[in-house]
Amino acid sequence: MANNADYAAQAGEISSGFDEKGAGLIMTAFDMADKAHQGQLRMSGEPYITHSLEVAKILKEMKMDAVTIAAGFLHDVIEDTQYTVEDIKKIAGENTALLDEGVSHVTAKVFKTRGQIFSESLKKMFFAMAKDIRVIIIKLADRLHNMRTIRFLDEEKQKVISNETMNVYAPLAHRLGMEKVKSELEDISFAVLNQQAYREIAKKIAEKKEEREKRIESLKEVLGLELKKLNIPVEISGRPKHFYSIYQKMIRENKRFENIYDLIALRVITDTTNSCYTILGIIHNYWKPLPGRFKDYIAMPKSNMYQSLHTTVLDEAGRPVEIQIRTKDMDVIAEEGIAAHWNYKEERAFDKKTDSAFAWVRQLLDWHGSMRESEEFIKELKVDLFDEEVFVFTPKGEVKELIKGATVLDFAYSVHSDLGDKCIGAKVNGKWVTLKYELQNGDRIDILKGATQHPTVDWLKIAKTAKAKNRVRHWLRTNQNIKENIDKGTHLLNEMLAKKGVKPDDIPEDAWGGLIEQYSVKEKDDIFAGIGYGEFSDAKVANHIARFLKERREFVPGYEKAKHVTKGEIIVQDEFGDISYKFAKCCNPVPGDEITGIFTKKGISVHRKSCAMLASSNITTPIVDVSWNEKAENFYMCRLKVTGRNREHLVNDILTTIAKNNALISSFNSGVLYENLEADLAINIKGQKHLSELMTSIRKVKDVLTVERID
């Protein structure tokens, strides 16, 4: 085991290359971290300072400045030791302390069950990040080393942390252009969350290593000879795609590993932008390009600063090869992303006001004022963070990048807040369209303003980006008087409550207590005002009140007193007896399931009470009390997923078992993934008892591994 002298030597290596001031700051931070973490051990049994050293090394590899590396050494001190922000200020300086204070907001768990991100701590992370992007770069370095050593945690913690990494940190690294970090985070998480698939891909990649390397060398040689004729300076390298991207492709295209041919990508690095386009022409002249697989990110850079030409061609054997072409400067940004903006020899400060590279990050600050609901904040953040992009043009030919599904209104607000506030429509490619028009790649947009136009609550349904929605909320909050917002909010809420059969006079005062606390307001009029200018959801408030009343049993629409009538296969509340019904296809209820009804324009939609769609939706129409008519003996459709070790006649054995159990097959789709059969079945059965007996019989079939009912 290393001793203190070894750790100090490692810190000395990290500080090398900096000027005297920078190196001194790094060593001061190391000494403070070493002292603060004295006696603390990691789960691996190593001294805690080893983690601080590794985080600092990662930041050094990213070529971060001395202040960031110093903060990397001290990133856990505030949370895990007796030292405070003031202590760091005194010893390592104010800038280092501010970064560590930002990182300390990010230490709490931000991941909840089922992949849903609703935590207040995640919201804090983005605010800290918006003030200085280096906060999240430190956090990504911290997360990267924690993932590299995740094997020392118990299995359950590994899964929770890997889920969090896959759902938050890897996409964030991608959004910031840090592809090396993103790929490693994804692969480690993938290895934890799907061990079997990871091992299968790793094994097959290893088996094909020699063949793959020969192919890369052959392609490099052929391309190199062609480019040499024109005397263009190039560096050509080949790389295998990382494991998780291969797995995604297999799932997306429903292919086995053996049928994925573009497992490698060639990267061509040259000197100038003009050379990039010349090389592209030579490649397309020599190899046949695949239609629809060319992307020009040089002319239209991504918002994370990424620039490159992408093309996919067919080699002499007819196998696809992905090729990326870019300059040396573009390559640095492609690998390091936002981190490439710091060079440890420059001591470059983060300027969130003037640096255009951080436009997306700066938007986060705009969201703080109007987003009191953490869940809503994260929902809108995820749209901007994870969705695909669409590139459009201003009348002057400037490129704007927006999320897929963005509207004319989103474009107007992306140009200027005043333009958004006054927008009445636009001319897109010479044709007039409304605010609701969804932008397409390559659209040229000229916004039309109206002198008397202003935002309305309905605009919140049109806007897709967080920036546009928050500007609309800001205008409604500041340009309408409080009474007007209260009146509007009261009207909207009463309309929503009426759909649930709730009258305002039925609501006791104590029903508002939980809402006032939840929304951090002083009184219920603040809730009405929030609904009026679009900050709070009228549906959510109405649902909260209805649940409160139902639990108190002071008011339950149709509860106990309601008469019920038999209507075919179900028994329904008397007042809905003359309305048609259907069984929801999202959950396919069968007799024996607990069910509920939703009143819709087309009649009553009958769902299982456990239906995921009901749990994830804000139901604004009446809930109908329904139950099964025990005398009904029809067949009902449901879906099963069956997995098993693939062998000859396995499918036939499963189908025979279904037939012997007197069930009817509507559809059967199967495929083989990692030597296992995966089958989706739509079957017709008479009820839950019949279904249970059938599933038991299928489980007894030789080599069947799992049988589960799915929505």
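Provided above is the structure to which this section pertains.
Keep in mind it's a predicted model, so treat the numbers as computed, not measured. (Residues numbered from 1 in each chain as written. Predicted model: local features only at pLDDT ≥ 70, side-chain atom pairs only at ≥ 80, totals over all residues. Heavy atoms only, no water.)

Student: Outline the overall build of the protein, listing residues and values.
Tutor: A count of helices and strands for the protein gives 29 helices and 22 strands. In the protein, which comprises 711 residues, the share counted as buried stands at 50%. Within the protein, contacts between residues at least 6 apart in sequence are counted, and of these 65% link residues at least 24 apart. (Helix = DSSP H or I, 4+ residues; strand = E, 2+ residues; numbered from the N terminus. Buried < 20%, exposed > 50% of the residue type's maximum accessible area, 1.4 Å probe, protein only. Contact = heavy atoms within 4.5 Å.)

Student: With reference to specific residues and values, describe the environment of Val502.
Tutor: Considering the arrangement of structural elements, one finds Val502 in the loop between α23 (482–499) and α24 (513–518). Here Val502 falls in the buried class, since its relative accessible area comes to 3%. Sequence spacing of Val502 and Ala546 is 44 residues, and the spatial spacing of their C-alpha atoms is 7.4 Å.

Student: Can you lay out the packing of aromatic side chains for me, pointing to particular residues and giving the numbers?
Tutor: In the structure shown here, the tally under the stated rule is 13 aromatic pairs. Note on Tyr297 and Tyr306: the rings are 5.9 Å apart at their centroids and 70° apart in plane angle, and the pair reads as edge-to-face. Residue Tyr297 shares its accessibility class with Tyr306, and that shared class is buried. Each ring, one from Trp628 and one from Tyr636, has its centre 5.6 Å from the other, and the planes form 80°; the classification is edge-to-face. (Phe/Tyr/Trp six-rings, centres within 6.5 Å; stacked < 30°, edge-to-face > 60°.)

Student: A description of the sheet that holds strand β15 (residues 595–600) should follow, citing residues and the corresponding values.
Tutor: Strand order in the open sheet made by the 4 strands is β14-β16-β15-β17, with mixed pairing throughout. Pairing within the sheet leaves two strands with one partner each, and these edge strands are β14 (581–583) and β17 (623–624). Pairing of β15 with strand β16 (residues 603–608), which is carried by 6 bridges, proceeds in the antiparallel orientation. Looking at β16, one finds that Thr600 is bridged to Gly603. (Pairing = 2+ DSSP bridges.)

Student: How would you sum up unusual backbone geometry? Please name residues and give values.
Tutor: Despite not being glycine, Asn231 has its phi angle at roughly 60°, a positive value. Of note, Asn231 is situated in the loop between α13 (209–228) and β1 (234–240). Even without glycine at this site, His649 takes up a positive phi of about 75°. Along the chain, His649 falls in the loop between β19 (636–645) and α28 (650–660). According to the relative accessible area criterion, His649 is exposed, its value standing at 52%.

Student: Please provide a residue-by-residue account of the pairing of β19, values included.
Tutor: Two elements, β19 and strand β21 (residues 676–685), share 10 bridges in a ladder whose sense is antiparallel. Bridging across to β21, Arg645 finds its partner in Asn676. Relative to strand β22 (residues 704–710), β19 runs antiparallel, the two being bridged by 6 bridges. Looking across to β22, one finds that Thr643 is bridged to Thr706.

Student: A description of the nonpolar core should follow, citing residues and the corresponding values.
Tutor: In this structure, Leu59, Ile69, Phe73 and Leu74 are the most contacted members of the largest nonpolar core, which totals 57 residues. Leu435, Ile445, Ala468 and Ile531 belong to the second largest nonpolar core, which has 50 residues in total. (Core = buried A, V, L, I, M, F, W, Y, C linked by side-chain atoms within 4.5 Å.)

Student: Break down the packing of helix α1 (residues 4–15) against helix α2 (residues 20–36) for me, with residues and values.
Tutor: Across the interface, α1 lies against α2 with an axial gap of 9 Å and an inter-helix angle of 150°. Regarding the angle of α1 to α2, the classification is roughly antiparallel. The interaxial crossing formed by α1 with α2 has right-handed handedness. Across from Asn4, Tyr7, Ala8, Ala11, Gly12, Ile14 and Ser15 in α1, the residues of α2 making contact are Ala23, Ile26, Met27, Phe30 and Asp34. Its residues assigned to classes, the contact of α1 with α2 shows 8 nonpolar, 3 polar and 1 charged. (Axes fitted to C-alpha atoms, helices over the stretch in contact; angles between N-to-C directions. Parallel < 35°, antiparallel > 145°, perpendicular 65-115°, else oblique. Left-handed = near helix turned anticlockwise from the far one by under 90°. Nonpolar A, V, L, I, M, F, W, Y, C, P; charged D, E, K, R; others polar.)

Student: Run through the sheet that holds strand β9 (residues 423–428), naming residues and quoting values.
Tutor: Here we have 3 strands laid out as an open sheet, ordered β10-β9-β11, and antiparallel in their pairing. Looking at strand neighbours, the two that pair on one side only are β10 (431–433) and β11 (445–449), the edges of this open sheet. Across the sheet, the axes of successive neighbouring strands diverge by a mean angle of 30°, strand direction being ignored. By the bridge criterion, 5 bridges tie β9 to β11 in an arrangement that is antiparallel. Considered in β11, the bridge of Ala426 is made with Ile447. Its contacts with the sheet put helix α19 (residues 408–415) on β9, β10 and β11, and the angle it makes with β9 is roughly 100°.

Student: Please provide a residue-by-residue account of the side chain of Glu322, values included.
Tutor: Among the secondary structure elements, Glu322 is positioned in strand β6 (residues 320–327). Within the local environment of Glu322, its side chain forms a polar contact with the side chain of Gln324, the two groups lying 3.2 Å apart. (Polar contact = N/O pair within 3.5 Å; in protein donor to acceptor, adjacent residues only side chain to side chain.)

Student: Could you give an account of the pattern of salt bridges, naming the residues involved and the relevant values?
Tutor: Scanning the entire structure with this criterion turns up 23 salt bridges. Across the salt bridge formed by Arg267 and Asp331, the nearest N and O atoms sit 3.7 Å from each other. With Arg267 in strand β2 (residues 264–270) and Asp331 in helix α16 (residues 328–336), this pair connects stretches of sequence that are 64 residues apart. You'll find Arg267 and Asp331 in the same group, each marked buried. Lys483 is the salt-bridge partner of Asp487, the closest N and O atoms lying 2.8 Å from each other. With Asp487 and Lys483 both in helix α23, this residue pair falls 4 residues apart, about one helical turn. (Salt bridge = Lys/Arg side-chain N within 4 Å of Asp/Glu carboxyl O.)

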